[in-house]
Amino acid sequence: DLVLPAVVEALSHRQLEVRARAGDVLANLSAAGKIEIARTVLWLLRSPDVDARRMAVEVARKAKDPAQEVWPKLFVYLRDVDWWVRERVSDALIEIAGEKLLPYVMGFLSDPEVAIRMFGVEVIRRLSAGNALGALVKTATSDTDWWVRERAVEAIGQIGDARAAPWLVDLSLREPRMAVCAIHALGLLGASEHAGHVAMSLQSGD
């Protein structure tokens, strides 16, 4: 693992031969089990160089991970990196793993840090994971930060599951402060049958 910074730097070297050799070294180390896959993927994903991030995708796809150990470790590392690193790697993680990320990212919804909970909501929103609807409803109902709650409501609307419509109507009537985002989510769902309730909510709010 100590060689990772040097190898990652070499992957973005100006000379093609150096980049190619660095890729070979990384592939051989990964295949031999001499570097930790999760740490390697994170090192590559945080690189500003697009070729290094592309290599991360390949390493993660080819990793032999029958026990599904990579994703839990990777999310442990993500918890403690800078926010810009989390933002940078989210695109690649979604491309690499899709909904396999869901069991791990849902754990972020109960994190003590607001920024981590927000990251969890954003990844779930981008995954359009309907099976996370219940977790998003819980977050939108009980999170202590109003910004996280609003983003969770928006994510519910963008997922597009019509089962959420009655709950959104109830939220708009019960909590005037959340009415605007709840109504917006209903619009995303195309829930025109609830127009009367929306009008009632707008009339009752100031």
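All of the points below concern the structure found in this document. Every chain is numbered on its own, with residues counted from 1 as its sequence reads. Per-residue local features of the predicted model are confined to residues with pLDDT of at least 70, and side-chain atom pairs are confined, for both listing and counting, to 80 or more; whole-chain, interface and lining totals are unaffected and use all residues. To get the side-chain values, take all heavy atoms of the structure and skip hydrogens and water.

## A few points about the packing of helix α3 (residues 37–45) against helix α5 (residues 70–79)
Applied cut-off: Here an angle of 0 to 180 degrees is reported between the N-to-C directions of two axes, which are lines fitted to C-alpha atoms, with helices fitted over the stretch in contact. Under the scheme used here, helices are H or I runs from DSSP no shorter than 4 residues and strands are E runs no shorter than 2 residues, and both carry numbers assigned from the N terminus. Just so you know how the angles are binned, under 35 degrees is roughly parallel, over 145 roughly antiparallel, 65 to 115 roughly perpendicular, and the rest oblique. Left-handed describes a crossing whose near helix is turned anticlockwise from the far helix through less than a right angle; right-handed describes the clockwise counterpart. What makes two residues a contact is simply this: any of their non-hydrogen atoms within 4.5 Å.
As a packed pair, α3 and α5 sit with axes 8 Å apart at the nearest point and diverge in direction by 50 degrees. In terms of their interaxial angle, α3 and α5 are classed as oblique. Both α3 and α5 take part in a crossing whose hand is right-handed. Taken together, the residues of α5 that come into contact with α3 (itself represented by Ile37, Ala38, Arg39, Val41 and Leu42) are Val70, Lys73, Leu74, Tyr77 and Leu78.

## Comments concerning the pattern of salt bridges
Pairs may arise between side chains of opposite charge once their charged atoms sit close together. Keep this limit in mind: Salt-bridge detection follows one rule: a side-chain nitrogen of Lys or Arg within 4 Å of a carboxyl oxygen of Asp or Glu. The cut-offs for exposure are 20% and 50% of the maximum accessible area for each residue type, with area from a 1.4 Å probe on protein chains only; residues under the lower value are buried, those over the upper are exposed, and the others partly exposed.
Here the structure, examined in full by the defined rule, presents 8 salt bridges. Between Glu122 and Arg125 there is a salt bridge whose closest N-O contact spans 3.1 Å. Of this pair, Glu122 and Arg125 both sit in helix α8 (residues 114–127), 3 residues apart, which is roughly one turn of the helix. On the basis of relative accessible area, Glu122 is assigned to the buried category, the value being 18%. For Glu154, the salt bridge identified is with Arg151, shortest N-O distance 2.6 Å. Linking Glu154 with Arg151, this pair stays in helix α10 (residues 146–159), spanning 3 residues, or about one helical turn.

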